[in-house]
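Structural features, examined
So you can see what is in the structure, the chains are spelled out below.
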Amino acid sequence: NAILSQAYLYNPAGQIGQDPAYVWTNLASGLGNTVSALALGTNGELYAGGSFTNAGSLPGIRIANLKGSSWTNLGSGISNTVNALAMGTNGELYAGGSFTNSGGITANRVARWNGSSWTNLGAGLNNTVSALAVGTNGELYAGGIFTNAGGILASNVARWNGSSWTNLGVGVNNSVYALTTGTNGDVYAGGLFITAGGISARGIAQWD
């Protein structure tokens, strides 16, 4: 019997063909360079971040929004690569990466788009952000390869509560590349670390 996947039809003879029920389509001429992060807004609109500088036929400086069949920019964009995107509980968009400016304002490695303008998150982080996740109460978690968040020690992972940064204990001892939050408020981190909070945790750990 044939094995059917969402995108391709495979048969025992080893032939792979496209399933006519599913097709790829481009998205309004696409983006001009690498896309590193995607997020869906509350109304299903698509946000993309990366290292590109145009979106379709418009300037889209490392971040853009697909509305219907065309791309729009988010203000004047972001000054360097976007590695991570996350949607807040109130519909705001968070971006994290290696940038220090968003929309013409100082924003160190993390910034928030409210639909019309960019704002920073305090003093931000002192080095690259690679992952973002939003908690059950709307708090933002950031992971990457940094040692300081908003002026306090934070070893590669930190939390923004809407007005200030806090660390997650002593953090983890090396880069964080992935974050997600559970329905009970727990945070899961994955990365290159081998300890979390001073205990052995090879590549993955949970913060309660």
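Structural notes, computed from the coordinates. Everything quoted here is computed from the prediction, not taken from an experiment.

What follows deals with the overall build of the chain. The helix and strand inventory of the chain stands at zero helices and 26 strands. Taking the principal axes of the C-alpha coordinates as reference, the chain spans close to 55 × 40 × 25 Å. Here the chain holds 208 residues, and the buried ones make up 39% of them. Counting only contacts in the chain whose residues sit at least 6 apart along the sequence, the fraction spanning at least 24 positions is 29%. Looking at the chain as shown, the accessible area adds up to about 10600 Å², and 50% of this sits on carbon and sulfur atoms.

One non-glycine residue, arginine 62, lies in the positive phi region at around 70 degrees. With respect to the secondary-structure elements, arginine 62 resides in the loop between β7 (58-59) and β8 (63-67). Here the phi dihedral of arginine 109 falls at roughly 70 degrees; this positive angle occurs in a residue that is not glycine. With respect to the helices and strands, the residue arginine 109 is situated in the loop between β13 (105-106) and β14 (110-113). Note on arginine 109: relative accessible area 18%, which makes it buried.

Once that is clear, we can look at the nonpolar core. Counting residues in each nonpolar core, the largest one holds 17 residues, and the members touching the most others are Val110, Leu121, Leu125, Leu132, Leu140, Ala158 and Trp165. Counting residues per element, the ones that place at least two in this core are β10 (82-87), β16 (129-134), β17 (140-144) and β20 (157-160). Here this core gets three residues from one element, more than from any other, and that element is β16. Aside from chain neighbours lying at most four places away, what touches leucine 132 is Ala84, Leu85, Ala86, Tyr94, Ala95, Gly96, Val110, Leu140, Tyr141, Ala142 and Leu179. If you look at the next biggest cluster of nonpolar residues, it comprises 16 residues, including Leu74, Val82, Ala95 and Phe99.

What the rule picks out here adds up to two aromatic pairs. Seen in terms of ring centroids, tryptophan 160 and tryptophan 165 are 5.4 Å apart; in terms of plane orientation they differ by 55 degrees. Their pairing is tilted. Take tryptophan 160 and tryptophan 165: they sit in the same class, and that class is buried.

Now for the layout of surface pockets. Size it by volume and the largest pocket reaches roughly 220 Å³. Every residue lining the largest pocket is counted, 14 residues in all, and those nearest its centre are Val172, Ala196, Ala205, Gln206 and Trp207. Mapped onto the lining of the largest pocket, the elements with two or more residues apiece are β23 (187-191) and β26 (204-207). Its residues assigned to classes, the lining of the largest pocket shows eleven nonpolar, three polar and no charged.

Attention now goes to the sheet that holds β8. Reading across from one edge, β4-β5-β8-β9 is the order of the four strands in this open sheet, with antiparallel pairing throughout. Of all strands in the sheet, those bounded by a partner on one side alone are β4 (35-40) and β9 (70-73). Geometrically, the sheet is characterised by an average inter-axis angle of 30 degrees between neighbouring strands, direction not taken into account. As paired strands, β4 and strand β5 (residues 46-50) are joined by five bridges and run antiparallel to one another. The residue of β5 that forms the bridge with alanine 37 is glycine 49.

Before going further, it helps to spend a moment on the sheet that holds strand β21 (residues 165-167). Read across the open sheet, the four strands follow the order β16-β17-β20-β21; overall the sheet is antiparallel. Both edges of this open sheet fall to β16 and β21, since each of them pairs with a single strand only. Strand-to-strand, the axes of this sheet are offset by a mean angle of 25 degrees, without reference to chain direction. Relative to β17, β16 runs antiparallel, the two being bridged by five bridges. When the bridges of β17 are listed, valine 134 appears paired with leucine 140.

About the criteria used
Residues numbered from 1 in each chain as written. Predicted model: local features only at pLDDT ≥ 70, side-chain atom pairs only at ≥ 80, totals over all residues. Heavy atoms only, no water. Helix = DSSP H or I, 4+ residues; strand = E, 2+ residues; numbered from the N terminus. Buried < 20%, exposed > 50% of the residue type's maximum accessible area, 1.4 Å probe, protein only. Contact = heavy atoms within 4.5 Å. Areas by Shrake-Rupley, 256 points an atom, 1.4 Å probe, with all protein chains shown as cover. Core = buried A, V, L, I, M, F, W, Y, C linked by side-chain atoms within 4.5 Å. Phe/Tyr/Trp six-rings, centres within 6.5 Å; stacked < 30°, edge-to-face > 60°. 1 Å grid on protein atoms, 1.4 Å probe; cavity = no way out; pocket = protein on both sides within 12 Å on 5 of 7 lines; lining within 4 Å. Points joined across faces, edges and corners; volume = space filled by probe spheres on them. Nonpolar A, V, L, I, M, F, W, Y, C, P; charged D, E, K, R; others polar. Pairing = 2+ DSSP bridges. Axes fitted to C-alpha atoms, helices over the stretch in contact; angles between N-to-C directions.

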